[in-house]
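Residues per chain are reported as follows:
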Amino acid sequence: MADKLPIKAGESVFQSVNQSPRHKPEVKKSSFFVAVEGGGNSLKFSEERETHGNGRRGSGNGEERRGSGSGTSTPDSSASPRRPRKPMGSFFNTVEAGGHDTVQFPSERGEGRPKRNNGRDDVYQSPRRNPKPKSSFFATVEGGGNSLQFDSEKPKKPAKPANVPDVSDSPIDVTDVPIDVTDAPATVTDSPKKTTPESAAQPLFDRVDGGKSTLEVSETQANRTKNPSPVFDTIADHTKRSPRHSANPLTHSDDEAEPSKSSENGVDGPAVETKPKKEPVDWTAQTRLLIKGGKVVNADQQFFADIYIEDGVIRQLGDNLITPGGAKVIDAKGKLVMPGGIDTHTHLQMPFMGTIAIDDFYHGTKAAVAGGTTMIIDHCIPQKNQSLLEAYDQWRGWADPKVCCDYSMHVAITWWSDQVKEEVETICKEKGVNSFKMFLAYKGIFQLNDTELYKAMTCLKENGALALVHAENGDIIDENCKKLMDLGITGPEGHLQSRPEEIEAEATQRAIVIANQVNCPLYVVHVMSKSAADCISVARKEGKVVFGEPIAAGLGTDGTHYFNNDWCHAAAHVMGPPLRPDPTTPGYLMDLLANNDLQLTGTDNCTFTKDQKAMGKDNFTKIPNGVNGVEDRMSVIWEKGVHSGKLDPCRFVAVTSTNAAKIFNFYPRKGVIQVGSDADIVIWDPEATRKISKETHHQKVDFNIFEDMVCHGVPITTISNGRVVWDDEQLHVTQGAGRFIARSLHAPEAYSRVLVRDKVNQPIRVPRDGYDGPVWKAGTQPPKDGKRPPPMAMDPDAPLPTRRDLHASGFSLSGSQIDDRVKHKASHKVLAPPGGKSSFSFS
């Protein structure tokens, strides 16, 4: 065995791990490993401490071998790390190119090893002898592997037999060492003992064979001395460490077991022989998470804090948290930590216009969490004359087994009767629903007339529910569609022209008036035009309780696409109300959203494929209405709002999450990061960018209305109910993991003013004495002398009294005129000259 070469400065392999807490060197502390040179790129984890050179102890035959001489051990590079004769400063010695290319990790001293000599400092001490600074020994192992155990954490194994040969030259196999960072109390960079400059701070294991937790290097590779390939690559960003592992049977790594997009090997250079992957950590099974170093953004403030999550609830919030062991640490340095998005308007798996929306509750919610949304509110829409309770049970049956995140329901009122009124009361009190939607469009299918709308709002007000309205004038739309079809306009452009902006504004104003007469809070869904938004803005300034919801489509694109020469492209944008062709409309709506004239955002996500849209290829009235947005809403609003300077991050949180939770009455359970709230969190990278495309989105629809839009601001990690469901561009979702969120009535955000107005704005009755005088009889004329005739019974068959016909001519052929009895003067004295008196005077 060749002698080891002397240590060279600055050649440490691992520079981000603190010095070993098991000893206190007398010289300046150095890195955990100093150098491995000369082509050796292998590691060896052993149970026995083996040394080499002239003073070898604990060799393969179990005997102590001393160097020649007087019986004292000869000092060499394999001596104990505590040996004061050499300023090592490192827990393990430097092993260099002298023919020896392994580094050994000493463990418990087992049988067959020399007994401890308490009088000597060069004898290796077990880590258990000094466990005090254990927390800084291995704080975090980043990158490929998932677990690592050393010494005090590893169970003691039987001692080696005495006849085991020396394995210092054998190939390396570290597959028996599990890597586990879940119990690590802190990250490496948090250790107070480390003073390594930033440039030298690198993770211990950045990547081991593409994320595998085992490593085995062949003998040929171990002996290779030329052009050595690195075993560990350096990756600075925690969020881009290693390719994501494959899914277990209960989780979905991607759509229908889509193969991983990461490379097979996580390192450059020659491939490394590996054993089969060990089962990766199941993200969906993580019940303890610790988010460190991020900036928390709520609707009212921003601050730096760590977040400890346990059993799906935020348990601690602050700095220097004391948390139990077993928490998975998520590094959020340089990132924003915000409440998960709440999409208030989706239509997943909805039967509509002769087909069913292609995105069901699984694919829709899966796409939602990939975009940073952790809760949706879908719509239960009964058919005409269908029981509301029956439809509600049907929708719950579709959603509960499939949802990947929490959800709730709006229930639509598509017809009105005493039965509907009773069912609305039952749903409010027993089913956890506090919002009902009415349509002023879709004549003959969903539309209510004004009388039905008034009665429905009265019922909702009595029960403390919120009235939602789709505001378009369905009667006028129906007539416009007939006129356009008669003119031969059958393409998607006819959809826009049949629904001009003023039709949306008229219905919006009408709904505001009716709701105000009932004193019922109103919520106008998918506000798409300037004029409709202005109606809401003016009503709010007048003190009316009304909320406006623009959607991602209306904020991110416009209606010029309806005139595209590609029929499929134009049809893909068909929705109701339509996108407006004025290209300034999205910016105008965003301005109102920033000023709180509009309050929150949804998507109206109701997706249909090209084949489904083609049902209206010859008649635009048969094109299924709906577009995508549930996955891209957060990024689009950040791009058009925050990145453009119209919104700040706090307002972004308000319009994407907090206001929805308040209006629909599940705040502060959701919509805020605070102790006791649900752990629905998105870690947001404001500097990252992504390009939206139908090729990369997670929805089943084959078109994306935001195609090729580059968004600044990307969700890098999504946490739903305390479980990581999106991380490193990979999904970790489980069908049916989401919960139905029941909502109580009389939401303070909507009803606090309404209930007070009920008391102060009651109709006023003026007390007075009754009238006991004569009562005029209809149909009679007053007497000429001014005396009132006595009351008389009215004969219904009597003809009405005749009167002078003012249209009759005064000319008569007999020569007599009607005014012959009026005396006429021969002349009239003119008091003023022609042209009138002059205003000028000489006096």
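Re the overall build of the protein
Along the protein, the regular secondary structure elements total 16 helices and 24 strands. Evaluated residue by residue, the protein yields a buried proportion of 52% over its 843 residues. Restricting the contact set of the protein to residue pairs at least 6 apart, pairs at least 24 apart contribute 77%. Summed over all atoms, the accessible surface of the protein reaches about 39600 Å², with 51% contributed by carbon and sulfur.

Overview of the sheet that holds strand β11 (residues 336-339)
In spatial order, the strands read β7-β6-β11-β21-β22-β23-β24; together these seven strands make up an open sheet with mixed pairing. Of all strands in the sheet, those bounded by a partner on one side alone are β7 (302-304) and β24 (730-731). Against the sheet, helix α14 (residues 633-642) makes contact with β11, β21 (681-691) and β22 (710-720), and its axis sits at roughly 140° relative to β22, the strand it touches most.

Considerations on the side chain of R499
Counting through the fold element by element, R499 comes out in the loop between α7 (492-497) and α8 (501-518). Discounting chain neighbours no more than four positions away, the residues touching R499 are E472, I477, C481, P578 and R580.

What to know about helix α16 (residues 748-760)
The end-to-end C-alpha separation of α16 is 18 Å, in line with the 18 Å expected for 13 residues at 1.5 Å each. Buried within α16 are the following residues: A750, Y751 and V754. One face of α16 carries all of its buried residues, which in axial projection span an arc of 65°. Of the exposed residues in α16, those oriented more than 90 degrees away from the buried face are P748, K759 and V760. Packing partners of the buried residues in α16 comprise α5 (450-463), β18 (466-470) and β20 (546-548).

Describing the packing of α14 against helix α15 (residues 649-663)
Contact geometry of α14 with α15 gives a least axis separation of 11 Å together with a crossing angle of 140°. Classed by the angle they form, the pair α14 and α15 counts as oblique. Of the two possible hands of crossing, α14 and α15 adopt the one that is right-handed. Across the interface between the two elements, R633, M634, I637, W638 and V642 of α14 pack against P649, F652, V655 and T656 of α15. A per-class count over the contact of α14 with α15 returns seven nonpolar, one polar and one charged.

Some details on the pattern of salt bridges
One pass over the full model with this rule turns up 25 salt bridges. Two residues, D406 and R739, come together in a salt bridge whose shortest N-O distance is 2.8 Å. Highlighted residues: D406 in strand β16 (residues 406-412) and R739 in the loop between β24 and α16, separated in sequence by 333 residues. Given the relative accessible area of 0%, D406 is considered buried. Residues E504 and R580 are paired through a salt bridge, measuring 2.9 Å at the closest nitrogen-oxygen approach. Here the residue E504 occupies a position in helix α8, and R580 occupies one in the loop between α11 (567-572) and α12 (585-594), the gap between them amounting to 76 residues. Taken together, the shared-partner salt bridges connect D406, R669, K670, D678, D680 and R739 into one network.

Here's the deal with the packing of helix α9 (residues 530-541) against α12
Direction vectors running N to C along α9 and α12 enclose 15°, while the axes themselves pass 10 Å from each other. The angle between the axes of α9 and α12 places the two elements in the roughly parallel class. In this structure, α9 crosses over α12, and the sense of that crossing is left-handed. Contacts between α9 and α12 involve K530, A533 and D534 from the first element and T585, Y588, L589 and L592 from the second. Considered class by class, the residues forming the contact of α9 with α12 number four nonpolar, one polar and two charged.

So, the pairing of β16
Taking burial as the measure, the seven residues of β16 include seven buried ones, the bulk of the element. Across the two faces of β16 the burial is the same, with D406, S408, H410 and A412 and Y407, M409 and V411 all buried. Pairing of strand β15 (residues 373-380) with β16 involves six bridges; the strand directions are parallel. Paired with I377 across the bridge in β16 is S408. Since β15 and β16 lie parallel, the crossover through helix α3 (residues 388-399) that links them has a hand, and here it is right-handed. Taken together, the two bridges between β16 and strand β17 (residues 435-439) define a ladder with parallel strand orientation. Looking across to β17, one finds that V411 is bridged to F436. Handedness of the crossover joining β16 and β17 through helix α4 (residues 418-430): right-handed.

What to know about the confidence of the model for the protein
On average, residues of the protein score 75 in pLDDT, and 59% of them reach the 70 mark or higher. The low-confidence segment residues 1-281, where pLDDT is below 50, has 496 contacts with residues more than four positions distant or belonging to other chains.

Here we look at the side chain of N625
Here N625 lies in the loop between α13 (610-613) and α14. Residue class for N625 comes out buried when judged on its relative accessible area of 7%. Reaching out from N625, the side chain makes a polar contact with the side chain of Y442 at a distance of 3.4 Å. A polar contact of 2.9 Å, which involves the side chain of N625, links it to the backbone oxygen of I623. In contact with N625, not counting residues within four places along its chain, are F352, M353, Y442, H495, V574, M575, G576, C606, F608 and K613.

Calculation notes
Residue positions within a chain follow its written sequence, with the count starting from 1. pLDDT decides what is reported in this predicted model: residues at 70 or higher carry local features, side-chain atom pairs at 80 or more are listed and counted, and totals for whole chains, interfaces and linings draw on all residues regardless. Think of the side-chain values as coming from all heavy atoms in the structure, minus any hydrogens and water. Here a strand is any run of E in DSSP of at least two residues, a helix any run of H or I of at least four, and the numbering for each starts at the N terminus. Each residue is placed in one exposure class: buried if its accessible area under a 1.4 Å probe, protein chains only, is under 20% of its type's maximum, exposed if it is over 50%, and partly exposed if it falls in between. Contact criterion: two residues are considered in contact whenever any of their non-hydrogen atoms come within 4.5 Å of each other. Only the protein chains shown count as cover for residues, with accessible areas throughout obtained via the Shrake-Rupley method and a probe of 1.4 Å. In this scheme, strands are said to pair when DSSP sees at least two bridges between them. Working convention: axes come from line fits to C-alpha atoms, limited for helices to the stretch in contact. Angles between N-to-C directions cover 0 to 180 degrees. Helix span is expected to be 1.5 Å times the residue number reduced by one. To obtain the arc, one takes the directions from the helix axis to the C-beta atoms. Roughly parallel here means an angle under 35 degrees, roughly antiparallel means over 145, roughly perpendicular means 65 to 115, and every remaining angle is called oblique. Should the near helix be turned anticlockwise from the far one by less than a right angle, the crossing is termed left-handed; should it be turned clockwise, right-handed. Only Asp, Glu, Lys and Arg are considered charged in this grouping, and only Ala, Val, Leu, Ile, Met, Phe, Trp, Tyr, Cys and Pro are considered nonpolar; every other residue, Gly among them, is considered polar. A pairing counts as a salt bridge when a side-chain nitrogen of Lys or Arg comes within 4 Å of a carboxyl oxygen of Asp or Glu. Handedness rule for crossovers: strands pointing away from the viewer, path from the first strand over the helix to the second running clockwise, crossover right-handed. For every residue, the predictor reports its confidence as pLDDT, a number between 0 and 100. Any N or O atom pair separated by 3.5 Å or less is treated as a polar contact, with the protein-specific requirement of one donor-capable and one acceptor-capable atom, and with residues adjacent in sequence counted only for side-chain atom pairs.

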